[in-house]
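Listed below are the residues making up each chain.
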Amino acid sequence: PGLLPETSRRTKKPLTPEEIEERNRKRKETLERKAKEAEERARKKAEQQKRKLEELWKANSYVSSCVRFDSDDEQSEDEGDEENGGLRLEDEADDDKGQTSRAIHYVSGDVTQPIKTKTSVNLIVHCADDSGWWGKGGVFTAISKRCHAVEEQYELAAKMKDMNVGDCHLISFDDEGSSKDVENWICVLIAQHRDKRNNSLSGIKLSALNEGLKMVYKLAKARKGSVHLPRIGHDTPGFNWYGTERLIRKHLSSRGIPTYIYYYPRRQKGVKRKNEDTAAQDTPSKEKKIESTSTSINGSSSRSLLDIFTGTCIYVHPSNFPSDKLKQYRRQIIAYDGEVSKEFSSKVTHVIADPNCEKTAEAWLKSNVKCPVLTPDWLDCCLQRRKLVPTQTYVHPSCDKT
């Protein structure tokens, strides 16, 4: 009593190879059927959304500004790039020889006022998020001041549900004061996502930027235009600017598109405003406001690049410098608020020359240049110490009288 009767355990009969094969076949058929059903549901849902979107656009007489190209064209162009060997960089001096330059040109100025180029179409690139809320300050304000239509079209695209991360919207940027010989267009790249529930904003997505720049390339190629960009994301904490620069080089400059990156001159603008206000004898309150603005821009708390070379005009003598090193020095000078002169003139304040330059160049420096002639170590020291350092210990051997 109290003992449970013994139960006979049921042993599983091993499956034969034929049964295993049949089971695997049925599983595969089930998975394929479910995948087809899911694909069909997704297709019907996409068609329904597209139909609703077309009805919305038709009811509001909306014309999309989003750039779209056939995928076949994109594939053929990518294959063509691979056949050409990928990236190709040439020296900036190619412009003087009448050849196509494939280097990025770095410019000190306002990207919304492009410099004159050999092309008749300017494509100005600007990044925004997918919320439809136009930003304030920086390039956002500069664009709105010149042409309010860009802001209106961007907000309208969001209302019409025509805005997704990775899109490129092409919007006319010509105003009454624009030249009739040049077309100006804004390429708004949707490279950030904003969560409207908690108002959190993602960083600039390099994948979205990559897709947007592909579209910019196609536009520039089709319209034979030049591309003008601000230093995208330079004030965003933790943003990889050099990764962005590589994308710009990959999709634009290395493929023959004239490409210009603009560094906005910070302190020079503030100095000019202060001098003008002093001449006009403004009230002390206005002077105080301008002074505080200049401090906030140039102070150590700013996340912008330092104004190390403000007030300098530097000529880098090309003798004995590799082309990539020459471009690096010029770029660093512009980035830190200096002016680069590609030819020696009376306005040059400093000359940089290789200490082992050719004897003819050394003789020319000694006889023609009155301003300080320095070695590249001076530039490196300024960048390392983050300020303009004295020149005495960096004098070029050809000009050292001691």
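Our subject in this report is the structure included herewith. This structure is a prediction, so every number in the text was calculated from the model and none was measured.

Calculation rules
Residues numbered from 1 in each chain as written. Predicted model: local features only at pLDDT ≥ 70, side-chain atom pairs only at ≥ 80, totals over all residues. Heavy atoms only, no water. Helix = DSSP H or I, 4+ residues; strand = E, 2+ residues; numbered from the N terminus. Buried < 20%, exposed > 50% of the residue type's maximum accessible area, 1.4 Å probe, protein only. Contact = heavy atoms within 4.5 Å. Pairing = 2+ DSSP bridges. Core = buried A, V, L, I, M, F, W, Y, C linked by side-chain atoms within 4.5 Å. Salt bridge = Lys/Arg side-chain N within 4 Å of Asp/Glu carboxyl O.

## Thoughts on the environment of Trp364
Piece 1. Looking at the secondary structure, you find Trp364 in helix α10 (residues 359–368).
Piece 2. By relative accessible area, Trp364 is classed as partly exposed at 29%.
Piece 3. Aside from chain neighbours lying at most four places away, what touches Trp364 is His317, Phe344 and Val369.

## Some remarks on the sheet that holds strand β12 (residues 373–374)
Piece 1. Read across the sheet, four strands follow the order β10-β9-β11-β12 without closing on themselves; strand pairing throughout is parallel. Of all strands in the sheet, those with a lone pairing partner are β10 (339–340) and β12, marking the two edges.
Piece 2. Strand direction decides the pairing type here: strand β9 (residues 313–316) and β10, joined by two bridges, are parallel. Within β10, the residue paired with Cys313 across the bridge is Glu339.

## So, the nonpolar core
Piece 1. Membership of the largest hydrophobic core comes to 52 residues, with the highest contact counts inside it found for Leu123, Val227, Leu229, Leu252 and Trp378.
Piece 2. With eight residues, the single largest contributor to this core is helix α5 (residues 206–223).
Piece 3. Core analysis: the second largest hydrophobic core is formed by 22 residues, Met160, Ile171, Phe173 and Ile190 among them.

## A word on the pairing of strand β3 (residues 168–172)
Piece 1. Counting buried positions along β3 yields four of five residues, so the element is predominantly enclosed.
Piece 2. With five bridges connecting them, β3 and strand β4 (residues 183–192) associate as antiparallel partners. Along β4, the bridge assignment pairs Cys168 with Leu189.

## Focus: the environment of Leu53
Piece 1. If you trace the backbone, Leu53 turns up in helix α1 (residues 17–59).
Piece 2. Taking the C-alpha atoms as reference, Leu53 lies 8.6 Å from Asp162; in sequence the two are 109 residues apart.

## Description of the pattern of salt bridges
Piece 1. A full pass over the atoms with the stated rule returns nine salt bridges.
Piece 2. Between Asp162 and Arg68 there is a salt bridge whose closest N-O contact spans 3.4 Å. Of the two residues, Asp162 sits in the loop between α4 (149–159) and β3 while Arg68 sits in the loop between α1 and α2 (71–83), which places them 94 residues apart along the sequence.
Piece 3. You can call Asp162 buried: its relative accessible area is 2%.
Piece 4. Classification of Arg68 by relative accessible area gives exposed; the value is 54%.
Piece 5. Between Lys347 and Glu339 there is a salt bridge, with the nearest N and O atoms lying 2.8 Å from each other.

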